[in-house]
Amino acid sequence: MQKYSIFNLIKNAFSGHQKWDLAWKDATPKKEYDVVIIGGGGHGLATAYYLAKEHNITNVAIIEKGWLGGGNMGRNTTIIRSNYMHDDNALFSEFGMDLWRKMSQDLNYNVMFSPRGIINLAHSDAQMNIFARRGNSMRLNGIDAVLLNREEVKEIIPMADFSDNVRFPIFGGLMQPSAGTARHDAVAWGYARQADSMGVDIIQNCEVTGFDVVGGKIQGVRTSRGDIKVKKIGLCVAGSTNILAEKLNMTIPVETHLLQACVTEPVKPVLDSVVTFGAGHFYISQSDKGEMVMGGDLDGYNSYAQRGNLPTLQHVLTEGIAMMPFLSKLKMLRTWGGIMDMSMDGSPIIDKTHIEGLYLNCGWCYGGFKATPASGWTFAHTIAQDRVHKLNEGYSLSRFNTGHLLDEKGLGTKTWIS
Amino acid sequence: MLHIKCPHCGMRSQNEFSYGGDATVKRPELNKEISDQDWDNFVYYRKSLRGKHKELWQHISGCRQWIKVERDTATHEIFKTVKAHEDI
Amino acid sequence: MTQNYRLDKIGLINRDKKLSFKFNGKNYFGYEGDTLASALLANGVHLIGRSFKYHRPRGFFGAGVDEPYAIVQLYRNNETEPNVKTTEQELFEGLEATSVNCWPSVNFDIGAINNFLKVFLPAGFYYKTFMWPKSFWYKVYEPIIRKAAGLGVASTKHDKERYEHKYEYCDLLIAGSGPSGLASAYAAAKNGARVILAEDKPRFGGTLLTSEVNIGNQTGKEWAENIISELKEMPNVIVKNRSQVFGYYDHNMLVMSEKLSDHLPKTKKYNPKQRLWYIRAKEVLISSGSIERPLVFGNNDTPGVMLSSAAKEYLKVYGVLVGKKPLIFTNNDSGYETAIEFKKNGIEPVILDTRKEPNSEIIEEAKNLGIQIKFSYVVVAAKGYKKVNAAEIAKISDNKNDLGTLENITCDCICVSGFWTPTIHLASQSGNKTKFDKDIDAFVPGVSKQSETTLGAANGTFTLAETLKDSFNAGYELSKKITKNDNKISHPTVVEKNKTTHDKFWCVPLPKGKNYKRFLDFQNDVAVSDIEIALKEGYRSIEHVKRYTTLGMATDQGKTSNLNGLQLVSNIENKIVPEVGHTTFRPPYTPVTIGAIVGREVGKHSRPTRKSPMHSWHEKNNAVFVDAGVWLRPRYYKIGEETLFEGSKREAKNVRANVGVCDVTTLGKIDIKGPDAAELLNRVYTNAWLKLPVGKARYGVMLREDGIVMDDGTTTRISENHYHMTTTTAQAANVLSHLEYYLQLVWPELNVNVVSTTEQWAGAAIAGPKSRNLLQKLFPNIDASTEGLPFMGYIEADLFGVHARIFRISFSGELAYEVNVESDNGNFMWEKIMEVGQEFKIQPYGTEALSTLRIEMGHIAGSELDGRTIPYDNSLEGLVSKKKDFIGKRSLDREAFIADDRQKVVGVVPIDKKTSIPEGSHLVKDAMAPIPNPKLGYISASCWSVEYDNPFSLAILKDGKNMIGQKLFAMSPLKNKTIPVEIVSSHYVDPKGERVRS
């Protein structure tokens, strides 16, 4: 594989950039694989990469209904963090943070991981206490966290509303300095390029139409481009989990919902950190291109439409202005929607299933992007070893029967309000 | 913004309503034996499919009645709305 | 001062009103009715800014929303706005603007060095480099890239402007006031329909303002003006200019932004800057027209290269010449219209037509006027750096592959026309699956998904006669469907010149040995070579191409570039365009000011503020308020320089010693009536309710179906079939919905009604050993003894002529009563309590003292009921009935919930009895244990116990019931604190609850 470097870039400039290799090949499905990963998003691509790299399993196909990285991988707001309270979430995410820090070099693809820090703003002493509980938990788990007072927040984001004309004054915030953002498309492409180079078949425009399950065991998968024999299938299709589960006669504790995001026109750098509003649900960061990338609440009803409605955005942007009034003057350039797997406790599922050879990776709610490397890594382990890794033990399906729930927000099963 | 016909009040914009999830979920009867699995299915497991979806909404800023709505989750088209006690 | 490029007679500007303005510090003037673009062009200014990546000089390309690069930083009324399109910004007196994305100036821009490095900066170059050394991305490379990107500068000042919202319903919403919009609006309005006609430009009429046509013996412009004035007079019609319908949402909800003040030097007092319209339309007519497509050739981004339709608009609307030696480069007849306008105004254009020997009336006219036309000719490259000064042209072979000898031709502008792209954004947003029309090489709307119809050029209809016919019909038919009226008006006759077919050719090949950049996306600097690289590297889906090259992702959202990009991909990939498919059209059509989307809900009004009837008393008495959801509650009543800690301690002590009064109005209150009310409560609460006597209150806990505690509170039986429920402030709305859900859907057989009475009752809690004496004085006619009004008793009485409800309930753990009166009498009640309470040393107390009182009593509250705890965790298992079923009961026997070491609320006291334990600290066995240090529990609430005068906390602790007496550490790494603590009972004060019963 061609190495990406400044030297190669200069060298290629002299041949008019005509000699670059394909980043990945468009494969056609073979008759049989050792493992088929369904879903060519970040998690699926990462799973295939770690199957090859960590477990030496390379007779692997990724099958993708549309185009690679075209689901939530290409629609998220690129926030990467591990500021969780529950141990299972925290340790899993922090393991992922390590993978993020090395990712550009590991993949030889600049994914632009940028640890610019995330600040969760608090608007009351009670909220400061709730954040302290989470921050202390993070620290005891070895994750960086700082509790900022009002003045400290003001120093970092002076453009937030510190005036008197404010409904919910800023009391302080919880900051994870090592959190940040990355270039989402690059992560998908980087994983695809490496997986491809190790022999993984990346098959786009290939829709799953059914499964062959005999005697409780996976025997194959049927697709719009032919049947494939395979003993192990990894399901990585957040946003379509319920649809594929139906084809397997399974019901999963996940509902499908719509989340919108939007960006403003690009402006010169004004906001360095990722910031979230504490008196509602709004988050913002500024991309390298200069766009303010913003999101917040779900549209609030089950949906598979990748298009949202304005009142939700209006509500989200109202909170945005409440937090940073100057945003009022910027112009919203583009909006889009993504389909979320909203699990019943807000935490994901990475587990085996009652069908032998069928592995499930779903329920990422709106936190899937940051989990890409850790999810791929643990899912690859679960598939390769046919047992869960300690890191994803908490993400079991059975927790909905045992009560070992991982409800970070304490909102329960009303998936649409979280 | 969805336009929902409240069977009690008529066509109203979505911002008068709040959503209540899958309308096909039947709460098990009180005081009746039920298996763990059936109970968990009631609490946690939803089909949440693409296409026609029967769901609950409450006309919270209106008559406060819960209503049943049949809506396409892919297109958001609404086919039918009925009162709480009616079948959909 | 003269304007070298302004014509004397032509144009719709008001020559009587001169306006002065500044661009990059230099003074210019223009006229009322100019845009900033037309005014600059009139002054011969073509260099406006620098491009995103290579910092190449940028001028004007269009004359409206499609403008990709004539973007400036605008200064208006002591504010600045980034990324303003000069082609949309109307000129006003004193306008100031500067170039964006260049330093030190637009004329001499250091960043232009990128232009020389461009061979090293192909599409996606940043993915391939900036990776070494590892730490450099965030610390070195990224900051440089961030600084270079971003176009204009955002002002971080608060927005002084106001924005409004308006909701409107109509029969027909018509987007665009060109020929099809006017015709359909007129036909529908005449047939009685309620019509809204929206035009994004200041002037109505669209292409009728610039085309040479006749409608019913009037010029197109006259016809448009007459129709508009008639429409404006009709009561069933709303006509709006400067109004862009930017989003087509579900169920025919469209959103329009109306600019009311952007064209004025400052917004008039009490006026909004912009107004956002939510419009629910029965039918939508999309008459959004079309946008001219660029032709692609070398250096086609040089200032002076622009759309031929824009050149015509500058000429006919603004009387401005974009050049005096124009070269028209076209693949269709539209270019001829521009050439003819130049000619008529005394300018000699040269036309290069890619077609071999086309024939039509308009070509004939050009020939007759003596315009020089070169057929089968193309522009190979524009010459000049900051402005076009010549063009390299060549003959092109019939198969369009080979160029003849290169020739140079002097010119000062190149007007290009690559045919027309229908503006299908709104149709596509509605869910309409677009289809590719081979005849026009563009997408048009397919089958309607919602009640929408696309007309005229937006639908790919480019003749006026057909457009008007369709539009009159559509306006009539659709209005008839809605109004049932049948008033049809006749179509006017149309005179227009016929046109012949366009040439599908649009991208000029590179001559041998030349490496010109041929741009597709002008703002993001995406060239043909970038698309080629992307495809070569396997980024082949159109979405991958877009994302890898950033094609169409600039502030113009690819209005002039997307289709050419598609055509290029389809050519290279040997696919037809519809197979490549287009990327999704998403709202907004043009960027919308966020303030307009938000409206009036800003600052203190970003969310409602709820205040109790006693609020003004609290204010007058130095209350320091705290947000409790949307309520404001007194946190403490400050005396002198008292801190929160001192004040709340004083208040709490006074409750324990004398009597205090606390405003509890914010508690949720639900009135429950009906013969089955007791049965409902019995199902909703975990404890038994069937036998609660009239005149008694009971504490209850309700669960969600998953077994988690949802809320707690007391409910009182007012009479046989009448109960009064209280909820926590936070959960009031949820609990009401919860009850309604079960009553309406699950147990409709229960005959019960519930209604919120939170606003109806004002509540005051009087607590403390002297509260009985106070109560007796307030209500001399009641028996306030414990026999007359026992713990959890309820009576109604008269408070100085005002009806009151008295509940003997306690949250503070003291002897306490809660008095409710109708809200209107709240302040009266409060003042009476304070007045009568004087002799008992009454003091008001706030939420902080209330917290202290409840914590040291071990009463749970929101910090323990955090949506993750079950009754056991909160030591409420005694309230969980074993005998009856209730909501959530079946979930309580889950493995995790019945585990032996299940968490439970405990009390925590620092060993030194001095150090307060920060809330949110965690309890660990070994403070020195390696990370991750296992956490046993967390501090949910802390206070300074006024009873014992030492710190006391509540904690939710694993295996809490067996931990009493254990020594642990409370750790708050955030505050760098490790405090040795002892675990005690959560009931720290009065564990037997004797005081409340006293």
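Our structure is the block above this text.
Bear in mind the structure is a predicted one, so any value in this text is a computation, not a measurement.

Conventions and cut-offs
- Sequence order as written defines the numbering, with residues in each chain counted from 1.
- Numbering of ligands from 1 and lettering of chains from A proceed in the order in which they are written.
- Residues qualify for local features only when their pLDDT is at least 70, as the model is predicted, and side-chain atom pairs are given and counted only at 80 or more; totals for whole chains, interfaces and linings, by contrast, use all residues.
- No hydrogens and no water enter the side-chain calculation; it runs on all heavy atoms of the structure.
- Helical segments are the DSSP runs of H or I of at least four residues, strand segments are the runs of E of at least two, and each set is numbered from the N terminus.
- Within these notes, the globule rule equals 2.2 Å times the number of residues to the 0.38 power, and the radius of gyration is based on C-alpha atoms.
- When checking whether two residues touch, look at their non-hydrogen atoms; a contact exists if any pair is within 4.5 Å.
- With residues, only the protein chains shown are counted as cover, and all accessible areas are computed by Shrake-Rupley using a 1.4 Å probe.
- In summary, the charge assignment counts Lys and Arg as positive and Asp and Glu as negative, without counting His or the chain termini.
- For the purpose of locating charges, the reference atoms are NZ of Lys, CZ of Arg, CG of Asp and CD of Glu.
- The cut-offs for exposure are 20% and 50% of the maximum accessible area for each residue type, with area from a 1.4 Å probe on protein chains only; residues under the lower value are buried, those over the upper are exposed, and the others partly exposed.
- Each pair of strands is called paired provided DSSP finds at least two bridges between the two strands.
- Throughout this description, the term nonpolar core refers to a set of buried Ala, Val, Leu, Ile, Met, Phe, Trp, Tyr and Cys residues connected via side-chain atoms within 4.5 Å.
- In this description, a line fitted to the C-alpha atoms serves as the axis of each element, helices being fitted only across the stretch in contact, and the angle between N-to-C directions of two axes falls anywhere from 0 to 180 degrees.
- As a working definition, buried area equals the accessible area (1.4 Å probe) given up by two parts on being put together, with both sides summed.
- Just to be clear on terms, a salt bridge is a Lys or Arg side-chain nitrogen sitting within 4 Å of an Asp or Glu carboxyl oxygen.
- One fewer than the residue count of a helix, multiplied by 1.5 Å, yields its expected span.
- Here a polar contact is recorded for every N or O atom pair within 3.5 Å, except that within protein the pair must consist of a potential hydrogen donor and a potential acceptor, and residues adjacent in sequence are included only if both atoms are side-chain atoms.
- For this classification, the nonpolar set comprises Ala, Val, Leu, Ile, Met, Phe, Trp, Tyr, Cys and Pro, the charged set comprises Asp, Glu, Lys and Arg, and every other residue, Gly included, is treated as polar.

Draft legend 1. Spatial organisation of the overall build of chain C. A tally of regular secondary structure across chain C gives 24 helices and 51 strands. Scaling as 2.2 N^0.38, a compact globule of 998 residues should have a C-alpha radius of gyration of about 30 Å, whereas chain C reaches 38 Å, well beyond that. The dimensions of chain C, computed from C-alpha atoms along their principal axes, are 115 × 75 × 55 Å. Partitioning the intrachain contacts of chain C with sequence separation of at least 6 by distance along the chain shows that 66% fall at a separation of at least 24. For chain C, the computed accessible surface area is about 37,000 Å², with 51% contributed by carbon and sulfur atoms. On chain C, the mean spot of the 128 positive side-chain charges and the mean spot of the 116 negative ones are 3 Å from each other.

Draft legend 2. The arrangement of the pairing of strand β15 (residues 282-286) of chain A in detail. Residues and elements named next belong to chain A. Within β15, 5 of the 5 residues are buried, which leaves the element mostly enclosed by the surrounding structure. The alternating pattern of β15 places F282, I284 and Q286 and Y283 and S285 on opposite faces, both of which are buried. For strand β14 (residues 274-276) and β15, the ladder comprises 2 bridges, and the chain directions are antiparallel. Bridging from a neighbouring strand, T276 pairs with Y283 of β15. By the bridge criterion, 5 bridges tie β15 to strand β16 (residues 292-302) in an arrangement that is antiparallel. When the sheet's bridge partners are listed, Q286 is paired in β16 with M292. Between β15 and β16, which pair antiparallel in sequence order, lie 5 residues; one of them, G290, sits at a positive phi of approximately 110 degrees.

Draft legend 3. Inspection of the nonpolar core at higher detail. Formed by 177 residues in total, the largest nonpolar core has its most connected members in Y314, L327, F329 and I414 of chain C. Other than its neighbours up to four places away in sequence, I414 of chain C contacts F297, G304, V305, M306, L327, F329, V379, A382, V388 and A391 of chain C.

Draft legend 4. Here's a closer look at the sheet that holds strand β45 (residues 843-844) of chain C. Residues and elements named next belong to chain C. Spatially, 6 strands are ordered β42-β43-β44-β41-β35-β45 in an open sheet, and the strand pairing comes out mixed. The open sheet terminates on both sides in strands that have one partner only, identified here as β42 (794-799) and β45. The pairing of β42 with strand β43 (residues 802-807) spans 6 bridges and is antiparallel. Following the sheet pairing, I795 is matched in β43 by I806. Where helix α22 (residues 826-837) meets the sheet, its contacts fall on β35 (660-663), β41 (761-767), β42, β43, β44 (816-822) and β45, and the angle it forms with β41 comes to roughly 15 degrees.

Draft legend 5. Broad picture of the interface of chain C and chain A. Each side of the interface is counted separately: chain C has 113 residues, and chain A has 125 residues. When the buried surface of chain C facing chain A is broken down by residue, Y127, R146 and L974 of chain C rank first, second and third, together holding 8% of it. Counting the contacts that link chain C with chain A gives 12 salt bridges. A salt bridge links D288 of chain A to R146 of chain C; the shortest N-O distance between them is 3.1 Å.

Draft legend 6. Representation of helix α18 (residues 644-657) of chain C in the model. Along its 14 residues, α18 of chain C runs 20 Å from first to last C-alpha, staying within 8% of the 20 Å computed at 1.5 Å per residue. Those residues of α18 of chain C that fall on the buried side of the exposure criterion are G647, S648, R650, E651, A652, N654, V655 and R656 of chain C.

Draft legend 7. How the structure looks around the side chain of R58 of chain C. Residues and elements named next belong to chain C. On the secondary structure map, R58 appears in strand β4 (residues 57-58). Of note is the side chain of R58, whose polar atom sits 2.9 Å from the backbone oxygen of F522. Look past the residues within four positions of R58 in its chain and what remains in contact with it is H46, L47, I48, G49, R50, S51, Y69, D301, P303, F519, F522 and D525.

Draft legend 8. Geometry of the environment of E856 of chain C. Residue and element names in this part refer to chain C. With respect to the helices and strands, the residue E856 is situated in helix α23 (residues 847-857). The sequence separation of E856 and G431 amounts to 425 residues, and the corresponding C-alpha distance is 60 Å. Look past the residues within four positions of E856 in its chain and what remains in contact with it is R656, C943, S945, V946, E947, F952, S986, H987, Y988 and V989.

Draft legend 9. Geometry of the interface of chain B and chain A. Taken together, the 23 residues of chain B in the interface contact 29 residues of chain A. The largest per-residue losses of area from chain B upon contact with chain A belong to Y19, Y44 and Y45 of chain B, which jointly make up 29% of the total buried on that side. The tally of links from chain B across to chain A stands at 1 salt bridge. The partner of R46 of chain B in a salt bridge is E255 of chain A, and the shortest N-O contact between them spans 3.9 Å. Between chain B and chain A we count 13 residue pairs in polar contact (both at pLDDT 80 or more) in total. Listed by contribution, the elements that provide at least two residues to the side of chain B that touches chain A are β3 (18-22), α1 (36-44) and β4 (52-58) of chain B. When residues in the side of chain B that touches chain A are grouped by element, the largest group, 4 residues, is from α1 of chain B. Here the side of chain B that touches chain A is built from residues that sort into 9 nonpolar, 9 polar and 5 charged.

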